[in-house]
Amino acid sequence: MIELINNIIGNIHSSTPMIRWLVYVMVIVISSVIVLSFALLYEGFATYAERKVAGDIQARIGPNRVGPYGLLQFVADGVKLLLKEDIIPFYADKWLFIIAPYIVFTASFAAFVPLSYSDHVYVANMNVGVLYIIAVSSVVSMAILMGAWGSNNKWSLFGGMRAVAQIVSYEIPIILSLLAAIIIPSSLDMKDIILYQSGGLGIFRWIIFNNPFTLLAFFIYFTAAIAEVNRTPFDIPEAESELVAGYHTEYTGMRFAFFFMAEYGDMFIVSAIAATLFFGGWQIPFINGVAMPLWLRETLQVVVFLTKIFVLIYVMMWIRWTLPRLRVDQLMELCWKYLTPIAFFDLIGASVWVLLFNGKGVYDILSALFVH
Amino acid sequence: MDAKQIYQTLSEKFTGRIKQFQENTHPASVVVESDAIVDICSFLKRETELEFTSMISLSGVDLKDQGKMLVIYHLGSIRHKHKIALKVELDRNNPHVPTVEKVWPGANWYEREAYDLYGIVFDNHSDLRRILLPDDWEGWPMRKDYVYPKRYHTWDV
Amino acid sequence: MGVLEDRLPENILFTTVDKFLNWSKKSSLWYMLFATACCGIELMQTGASRYDLDRFGAVFRATPRQSDLMIVAGTITHKMADRVKKLYAQMPSPKYVIAMGSCANTGGPFYKDSYAVLKGVDRIIPVDVYVPGCPPKPEALIEGIMKLQERIMEKKTLVKK
Amino acid sequence: MLVSYLSISDYLILSGLLFSIGVFGVLTRKNAIAVLMGVELMLNAANINLVVFSRYAETGLNGQIFALFSIVIAAAEVAVALAIVIAVYKTTKTIDLDKEDTLKG
Amino acid sequence: MNPYALEAAFFYLFSAMIIGSALLVVLFRNIVRSAFALFFTLFGVAGIYVLLGADFVGVTQVLIYIGGVLILIVFGVMLTHRSYSVDMFNRLGTLVMGAVSAIVTFTIIYYAVRRAPWYSVGYKPALPTTQPIGKELLTTYLLPFELVSVLLVLAMIGAAYLIRSEVTTARERSPITKTGDNDSGLTPEVSSTGVKERGK
Amino acid sequence: MMMINFSSAFIFIVVGVVFVAVTLLIARLVRPAEPNVVKMSNYECGEDPIGYSWITFNIRFYIIALIFVIFDVEVVFLFPWAVVFKSIGWIAFWDVLIFIVILLFGFAYVWNMGDLDWIKDLGNLKESEDKQ
Amino acid sequence: MTENSKGYFKKMLDAVKSVFTGLGVTIGYGVSPGREVTQQYPEVKREPYDRFRGKLFVDINICTGCTACARICPVDAIVLKTVRDENKKLRPVVFDIDNARCIYCGLCVEACPVDNCLYFRKEYEFSSYSKDELISHFGLGELPQPDKPAADRPSPDMPAQAGPAKDQPVQGKTDETRKEEGK
Amino acid sequence: MAVVDERFMDLNMGPQHPSTHGVLRLLIKTDGEVVSRVTPYIGYLHRALEKIAERLTYPQFTPFTDRLDYLASMNCNLAYALTVEKLLNIEIPRRAQILRVIMAELNRISSHLIAFGSLSSDMGAFTPFLFGIREREFINDLFEMVCGARLTYNYIRIGGVAQDIPDGFIDKTKEFLDYFPPKIKEYNDLLSYNAIFIKRLANIAVISPEDALDYGVTGPNLRASGIKWDLRREEPYLMYNELDFDIPVGRGEMGRVGDAWDRYMMRIYEMEQSAKIVRQCIDMFQQGDHIAKVPKVLKVPAGEVYVRAENPRGELGFYLISDGSTKPYRLKIRAPSFANLSIVPKLSGGVMIADLVAIIGSLDIILPEIDR
Ligand code: SF4
Ligand code: SF4
Ligand code: SF4
C-alpha cells in the first residue's frame, strides 16, 4: 500500500518538488496513523488474548461477558482507564512522572517503523533497520527509570532499577545472537534480510535453519527477548508478589495504560524481529513460488508475517503462565554467565560456518549434494 | 521421665525455689519462684535427661479473685517426649517476671503477647512492645476487669 | 473535576454516550488484591478456575492506583482500619467498595465480644454493596458484583445529575 | 538546482553553542557528576563537528568513524570517571568539588 | 517546501531541542533532572547526525549514549545522590565567571566559523554508511579498531577495580548474623537432580 | 532516500507523542479529579512511607550497567563488521576474533573477580558451610 | 569461581529439560482447555447440597417463642421479643434475623426444639445496597393475623410498632442474661 | 536535619501486599535488593478470640475456632473439641472418630493445596495456584455436602461431629481419592522439579533443627528440618495409632536439609499421606453414633489442660482453664504459625527481597491464627 503510494509519487515526479514532498509527508503521516491504529488494536487484542490464553492454561474461561466472547473487553478496559482519575503523588517529581509514559509509548511505537509487513507494505526501508529497532527500544529503559524515580515510591524505584539492569543486560545476548543471523544476509535492512530467505519452499532457507548456530542463536535470542520485555520468568521488575506492581505502581488510568501498551508493543517488536531474522519474515511457506495476483500475494504475506509473530507471542504467553520467576541475581547470572558467553561462541561458530560453506545454509548444501 | 520425677529432680536442684507441684493439671505443673525461672528453664533445657528443647507455649492468666497473675510455660521435649508446665505467680498490681528469651528465643514473641494482653512485664526483654494491638491502645484487654473502649481514633468501637 | 464531568445536557446522544461509558466502567472492574481473613480465601476461589471472575472482566491489581473496586474481604480490626482508609483513599475515582462477609458488613462474629474489631467497614469508608455470608459463597460474591454493575449503570458520568 | 538552506556554518554554530553551554556547566557546577555531564555536552559538540565535516568536507567517512571512536572514548571515560567519583564518594561521602581536594588535584 | 527546507526545519527543531535541554542540563538545581534532561540533548544530537546522513553514527549515539552512558550517569547520580544536598551551584561569582567564559568561548567560535573560508564540497547525497564504515574499520582503521577493544577492556577492568572495594554486602553490616544461605553460584549441584524421581 | 526513511521515523515519534498527548487531553476532559492529601501520598502497602525513597542506591546496579556499557560499545562495532563480513572473508574473521578475544579477557577478569555476582562475600559463607 | 564445566552444561540441560516438562503440562491445557471446570455462574448455578447453610428462615407460626435460638447464637444475630397472648402462649412479636451479622454456624437451628421451625434455606444470593435490607423480619406483630402466610412476610416497621407489652417481654439474650448464665 | 544512614532503605511490605498472605506487615531494612533486617509486625487481624472464648459458652465457641485457621477449620474444631473432651472425660463413638479423621485429613489436603498454591504464586507461577484451588474446590464440595459450608464448617463438635455423613459422601470421597494423586504428579512436573523453582528455593532460609526447636517451629516446617515429629504419631489422638502412614522428613534433596524447598516438598508428600489415611479410614467405617451424649447446658469440670493436635501448619494447642462453669475461664491458643513466623527475623538477614517472599511462603503462615 505504501509502496503503491510511492509509485504515485513516482508518477507525479514531474510535479513540483513542493507537492511531491507534501504528498510524501502526508503518506507517512497517514501510514503512521494506520500503523498506530493497528498497534492499538493489536495491543488491545493482545491483552484479551493474554487473558484467554491464561484462561485456557488454567482450566477456566477468561473474559466472555463483555461483547461477544468477551472480545470487547479491551475496549471496556481502555475506556475505563480513560475515565479514571489521574493521580500524581504529591512528593513525586512531576515532570519526570509525566514525561515517562510519553517516552515509553513513543519508543515502543517508533520501533514499528522499519518493519516490513510484506513485499510492498512497509513504512520505510531503513538500511540500519535492525540496529534502529534495538537502539530505539533501548530508550525504554531510560524512560522506565524516569517514571520509577519520578514516582518517589520505593516499589517503583526497585522495579525501575531492576527493569533497567535487566533490559540493558539482556541487550548484549540479543545483539550477539542477532549478529549470528545478520552475517548471513549481510544486511541490516529488514527487507533485504527477508528477501535473502526466499526459496527453499519458503521454509528451508529461513535463517533459523541455515545452520546449527543460528538455531541456537534463535533460542538465545528468544530467551533474552522475553527478558527484554519483562515477562515471566523474567518479570522481576513488576513482580506482583514482590514489588506490588513494579515501576508503574504509582501510575493510574491512562498513564498506566501507556506503560501497559508499550509492554505489549515491545512484545510485538521482539517477535517481529525474530520472525524477520529467523523465520523468513513474510515468506509464505510452500506456496511462495506459486503465481498469484499481487493483491492476494501481498495479503497472504501480511497474514503469514503476522501469524509468525502471533505464534511467537503465544509462546511467550504460554511460557508466562507456566514458569515461576527468577530472582534478580539469578537473572543476571543467567544473562552474564550463560547467555552472553554462549552467544559469543555461537557468533564465532556461525561466522566460521559462513566462511567454510561460503554462506550456504544446510538446505543449500544438502540440495547441492543431492542434485549432484 | 514422668512429671513426678521431673518435679523431684527440680526440687533437689532448686531447693526452696520450687513452691508446689500440681498433679491434677494436664500436663502436670510445677509452681516456681518468679526470680528462679531463668535458672530453672536453662537447667531444664540443658540437662540431658530432661532436654526440654522447646517451649511449646507461654500463657498469661489473670486470677483476679486471688489478686494474682500467672505465667505458665508449657515445655516439651522432642527426645524424651515428656511435657511439663511451669507456673509463676505474680502480683496482679505489679506483674514482673524475668524473660526466658535467652533460653528459648521463641519465647520472645510469647512474652510480648503476654505483655500486650495482660500487661505482664518481662524484665530484660529485648523488645517489649505491644505485638497484637496497636501501639496507642490503652489497657490490657485480657484482664478480667478490662472495660471495652468506646472510641478509637476517629470512629466508634 | 473533569472539564466535561456532569456538565452535558441530557439528550439522547449524551445519554447514550453515558451509557457506553458506564458500560465500560462496569465491564472492567479491576479489584484490589486485598484480603484480610477467611473471606479472602473465598475471594481467591472466586477468581480461580471454578468461578472465574475474569469472565466479567474483573482482574486483580496489586496496587490501589490501578484498581476500581475494593472488595473488603474479611475482618477489619482497629489496627487495620487506618490502613484500609488509606488504601481506599489512594484509589483513583471512580471507585467502589463491596463489603464481603459478615465481618465487613457488621463485624459479624466479632460484633459482640471483640474489643479489637471494627463493626462494619461502612464506619470508615462508603460501601456500595453488602454481600452477606460468612464467608459468602463465590456465587454470592459474583452476584454482589453484578449488583454493583447494575448500580454503575444507573449512575451518570458526563450528563448533568 | 535547489540551494540548501543550511550551510556548514549553521551546524558549526550549533556545535559551538552546545560547546559553550558545556563550558558553562563544567565551570559552574559543584557536583562532580554534573561537571561530567558538562563534559559530555562538549564531547557531543565535538562529535557534531566531526560528522559535519564528513558531510560537507572532502573527508569521506573518516569524520564519522572518528565520531564513532569518540563515542567509544566517551563511554570509557564516563565509566572510569564515574567509578572514581563513586569510589571517592564512598569514602568521603561527598562529591562536592569545593570540599573535595582529591578530585580537584 | 523542498527537501532542503525540510532539512532546515528538522535542523532548527533539533537545534532547539539540543540547546534547550542542554541549558536545562546545566541549569537544573536537581541533578537527577539534569541527567534526564541530558536525554533530550543526546537525542537531538542523534537527530542531527541522521540529518547529516550519518545514520549509523546516529543510531549508535542512541544505543550507546542514551541506552548506555546516560544510564551509567543516572545510576552514578543515584548512587551519590543525597536527598538533602540540594545546592549544586558554586557561589554567584563562579556563576558569573562561568557565564562570561561560556559567552567568550561562543563568541570566538562564532567568529571563527563566520570568518573561515569554508570551501564546501556542497551537499553530498546521503548514502548507506554501515557497509563503508565496516570496510574502513577492517582495513584503514584496523589498528584503532583493535585498540578500541583494548581500551574498553582496560576501562572496564579499571572501573570495576575502582568500585570493587566498595561492594560489600548487607550481611557484613547486618545487625543480625544469619544462618541461612543464599544461593548464588555456590549451589551444591542444585539442579543436577533436576527431574529425578517424582513424588515418592 | 535515507533521510526520507528517518524522517518517517521522526514523524512516527511525533505521531506517538501527539497520540499520548491527545489521549491524555481527552482523559482530562472526562475523568474526575478529586485530589486529597491522603490520595496524593505515596503508596506503600497502606502504611505511611518511612523515610525517603530517593536514597543512594545499591552499587551492584552500577556494576551491571558499567559492564553493559563496555559490551554495548563493543557489539556496536560488530554491526559494521557483520554486514561486510561475507565479502571480506577470513581476514575479517581473524580481525574480529582478536577483537572479541581481547574483550573476553576482560570478561573473564570481571567474572573471575566476582563482579558478575550479586553477592560477593561468599568466603564467609563457605566457612560457615564447612563447619556444619 | 571456577565452575566445573561439566556441571555447567549439565545444569543447563537439566534446567532446559525441566522447563520443557512444565511447558508440556501447560500446553496440554492450552490445546484442550478444561473449561468444564468453570461454572458460568449467572446462567449455570450448581444447586447447593441439602445441608447448605444459606439464609435463615423461621416458620413463625410454629415458633414457640422459646428463645433458645436467640440464646445460643454467639453473635446475637437473632433479636426476639415475645409477649404472652390470651392463651398464655408465648408469641414472637419481633423476630429479626440480621443476615449481615449471622455467621451461618447453625447453632440456632440445632437448638430449636421445634422441627422445621428455624431452618436454613439454600438461598445465598441476597446482597444488597443497604445493610438494613439484610435484616429479615419474621415477627408476628401485635395483632394475630392467622390468615396470612407468615413465613416471609415483610414487615419492616414491626419493631417500631411493638410497643410496651402487657406482660414482661422475654428478650433475646442481652448482656444481663448472659452474665446470669455464665455466673 | 535528620541524618539517616542513606545506604539503607526502610521499606514496608504489607499489610496490603500480595505475598504477605493476609495482613502481615514486614518492615524491611534493605540495602538495594539485599535485606539486612526484617521486623514483622503482626496483629492486624487480632480479633480477640481468646477474650471471646471467655465470654461465650463452650459450644458457642466452636464456630470461632473455624475462624482461627480458616484454611484448616476442621482441624481447629477438632483440637478444640479434644481439649474440652479431655476435661469432660467422655468417650467418643468410633464412627465419630473415623469421621473426624477423614475430615481432618481432607482438610489437611485442602490446606496444603493453598500452601502449595500460594507459594507458587509468590514465586511468580500463577497457574499452579489456580490448579491447587481447583482441586480444593472438590474438597470444598465434599465439606459442603457434609456440613453445609465451604470454609467455616463448625462440624466437629464437643463429643463427636455435628451430623452423620449424607448418602453419597463416601462415593464422592473415593472419587476424589482417585482423582487427586495424578494431580500431584502434575504439580511435580509443573512446579516442584522445575529448575527455576528449585533454584529459587533450594538452600534458601535453612532452618537448622536446633533453631527450629528453639523457636518452637512445628509441623511440616519442623519435619523439613529433619526432625521426625508428628503429634499424630508421638501423642496419638483419635485413632491415628491404628493407621498406617509415613511421616515425610526433609532430606535436603535439592540443597540442604531444612531449606525452603524441603519445606515446600513436605506439603506435597503430606498430601499423599493424607490421601492414604482417608482411604484407610473409609475402609474402616462402621455404623454407630456420630456424637456422644453431651448435656445441653455444658458445664465443664474445673481443671487445667493443655491439649495439642497436629494441624496442617503444626502444633495447635489449646490451654484451657475451667472453673466449672459453662464458660472457659481462660483459653489460650497456641498457634503454630505464631511460632513459625517468629523465626523469620532470624532467617532473613542477608537474603534478598525475593527470598523473603519465598521464606514467608514456604513457612506457610496464616495470619488469623497468629493474631487470633
Ligand atoms: S465474615 Fe466470616 S468468613 Fe468472612 S472474614 Fe469474617 S469470620 Fe471470616
Ligand atoms: S446461624 Fe449462628 S449466627 Fe446465625 S443466627 Fe443462627 S446461631 Fe446466630
Ligand atoms: S428456638 Fe425455634 S421455637 Fe424457639 S424461638 Fe427460636 S425459632 Fe422459635
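A. Geometry of the overall build of chain A. Helix and strand counts for chain A stand at 13 helices and zero strands. In sequence order, chain A lays out its α and β elements as α-α-α-α-α-α-α-α-α-α-α-α-α. Taking 21 Å as the expected radius of gyration for a compact globule of 372 residues, we find that chain A reaches 22 Å, a close match to that expectation. Scored against the burial criterion, the 372 residues of chain A give a buried share of 73%. Of the contacts made within chain A by residues no fewer than 6 positions apart, 76% connect residues no fewer than 24 positions apart.

B. Spotlight on the overall build of chain C. For chain C, the helix and strand inventory stands at five helices and five strands. Overall, chain C shows an N-to-C arrangement of helices and strands of α-β-α-β-β-α-β-α-β-α. Radius of gyration (C-alpha) of chain C: 16 Å, near the 15 Å computed for a compact globule of 161 residues. Across the 161 residues that make up chain C, the buried fraction comes to 76%.

C. Summary view of the sheet that holds strand β2 (residues 29-32) of chain B. Residues and elements named next belong to chain B. Taken in spatial order, the five strands make up an open sheet running β1-β2-β5-β4-β3, and their pairing is mixed. Edge strands, defined here as strands with exactly one partner in the open sheet, are β1 (18-22) and β3 (54-63). In this sheet, neighbouring strand axes are inclined to one another by 20° on average, regardless of whether the strands run parallel or antiparallel. Pairing analysis gives four bridges linking β1 to β2, with the strands arranged antiparallel. Pairing of Q20 across the sheet is with V31, part of β2. Contacting β1, β2 and β5 (83-91), helix α1 (residues 3-13) crosses the sheet at an angle of about 170° to β1.

D. Main features of the pairing of β5(B). Residues and elements named next belong to chain B. Of all nine residues in β5, seven are buried; the element is thus mostly enclosed. Where β2 lies against β5, four bridges are found, and the strand directions are parallel. Across the sheet, residue S29 finds its bridge partner in β5, namely A85. Looking at chain direction, strand β4 (residues 68-76) and β5 are connected through nine bridges and run antiparallel. Residue pairing in the sheet places G76 in a bridge with K83 of β5. Hairpin connection, β4 to β5: the antiparallel pair is bridged by six residues, and K81 has positive phi, about 60°.

E. Structural view of the interface of chain D and chain E. Listed as interface residues are 73 residues of chain D and, on the opposing side, 84 residues of chain E. Overall, the association of chain D and chain E removes approximately 7,100 Å² of surface from exposure, summing both partners, and the carbon and sulfur fraction of that is 75%. Taken as a group, D:R29, D:M37 and D:R55 account for 11% of the area that chain D buries against chain E, more than any other trio of residues on that side. The interface formed by chain D and chain E contains zero salt bridges. Of all the elements in the fold, those that place two or more residues in the side of chain D that touches chain E are α1 (8-28), α2 (32-56) and α3 (62-92) of chain D. Top contributing element to the side of chain D that touches chain E by residue count: α3(D), with 25 residues. In terms of residue class, the side of chain D that touches chain E is built from 50 nonpolar, 14 polar and nine charged.

F. The arrangement of the side chain of A:S141 in detail. Mapped onto the secondary structure, A:S141 falls in helix α5 (residues 129-151). Look at A:S141 and you get buried, because its relative accessible area is 1%.

G. Just the pattern of salt bridges, in detail. Under the criterion given, the structure shown has 64 salt bridges over all chains. The salt bridge involving G:R46 is made with H:D141; its shortest N-O contact spans 3.5 Å. Residue G:R46 is located in the loop between α1 (5-31) and β1 (56-58), and its partner H:D141 is located in helix α5 (residues 126-147); the two belong to separate chains. G:R46 gets classed as buried once you look at its relative accessible area, which sits at 16%. A relative accessible area of 7% places H:D141 in the buried class. With a closest N to O distance of 3.0 Å, H:E50 and H:R330 form a salt bridge. Pair noted here: H:E50 is in helix α1 (residues 49-55) and H:R330 is in strand β8 (residues 328-334), with a separation of 280 residues, a long-range link. Considered together, H:E50 and H:R330 belong to a single accessibility category, that of buried residues. A single salt-bridge network, built from bridges that share partners, covers C:E42, C:R50, C:K137, G:R46, H:E137, H:D141, H:E144, H:R150 and H:K172.

H. Up close: the site of ligand 1. Near ligand 1 the following residues occur: C:A37, C:C38, C:C39, C:G74, C:T75, C:G101, C:S102, C:C103, C:P109, C:C134, C:P135 and H:R67. More than one chain reaches ligand 1: its neighbouring residues belong to chains C and H. Per-element accounting of the shell around ligand 1 gives the leading share, three residues, to helix α4 (residues 101-106) of chain C. When its residues are assigned to classes, the shell around ligand 1 shows seven nonpolar, four polar and one charged.

I. How the structure looks around the pairing of β8(H). Residue and element names in this part refer to chain H. Along β8, seven of the seven residues are buried, which leaves the element largely enclosed by surrounding structure. Of the strand pairs in this sheet, strand β7 (residues 314-322) and β8 are connected by six bridges, and their pairing is antiparallel. The residue bridging F318 from the neighbouring strand is I333, located in β8. Here β7 folds back onto β8 in antiparallel fashion, the turn holding five residues, of which G324 has a positive phi close to 90°.

J. View of the packing of helix α3 (residues 59-88) of chain F against helix α4 (residues 90-112) of chain F. Residues and elements named next belong to chain F. Look at α3 against α4: their axes get within 10 Å of each other, and the N-to-C directions meet at 165°. Judged by the angle between their axes, α3 and α4 are roughly antiparallel. The hand of the α3/α4 crossing is left-handed. On α4, the residues that touch I67, I70, F71, E74, F77, L78, W81, F85 and I88 of α3 are W90, I91, A92, F93, V96, F99, L103, F107 and V110. The class makeup of the residues in the contact of α3 with α4 is 17 nonpolar, no polar and one charged.

Reading the values: the criteria
- Residues numbered from 1 in each chain as written.
- Chains lettered and ligands numbered in written order.
- Predicted model: local features only at pLDDT ≥ 70, side-chain atom pairs only at ≥ 80, totals over all residues.
- Heavy atoms only, no water.
- Helix = DSSP H or I, 4+ residues; strand = E, 2+ residues; numbered from the N terminus.
- Rg over C-alpha atoms; globule rule 2.2 N^0.38 Å.
- Buried < 20%, exposed > 50% of the residue type's maximum accessible area, 1.4 Å probe, protein only.
- Contact = heavy atoms within 4.5 Å.
- Pairing = 2+ DSSP bridges.
- Axes fitted to C-alpha atoms, helices over the stretch in contact; angles between N-to-C directions.
- Buried area = accessible area lost by both parts, 1.4 Å probe.
- Salt bridge = Lys/Arg side-chain N within 4 Å of Asp/Glu carboxyl O.
- Nonpolar A, V, L, I, M, F, W, Y, C, P; charged D, E, K, R; others polar.
- Near = heavy atom within 4 Å.
- Parallel < 35°, antiparallel > 145°, perpendicular 65-115°, else oblique.
- Left-handed = near helix turned anticlockwise from the far one by under 90°.

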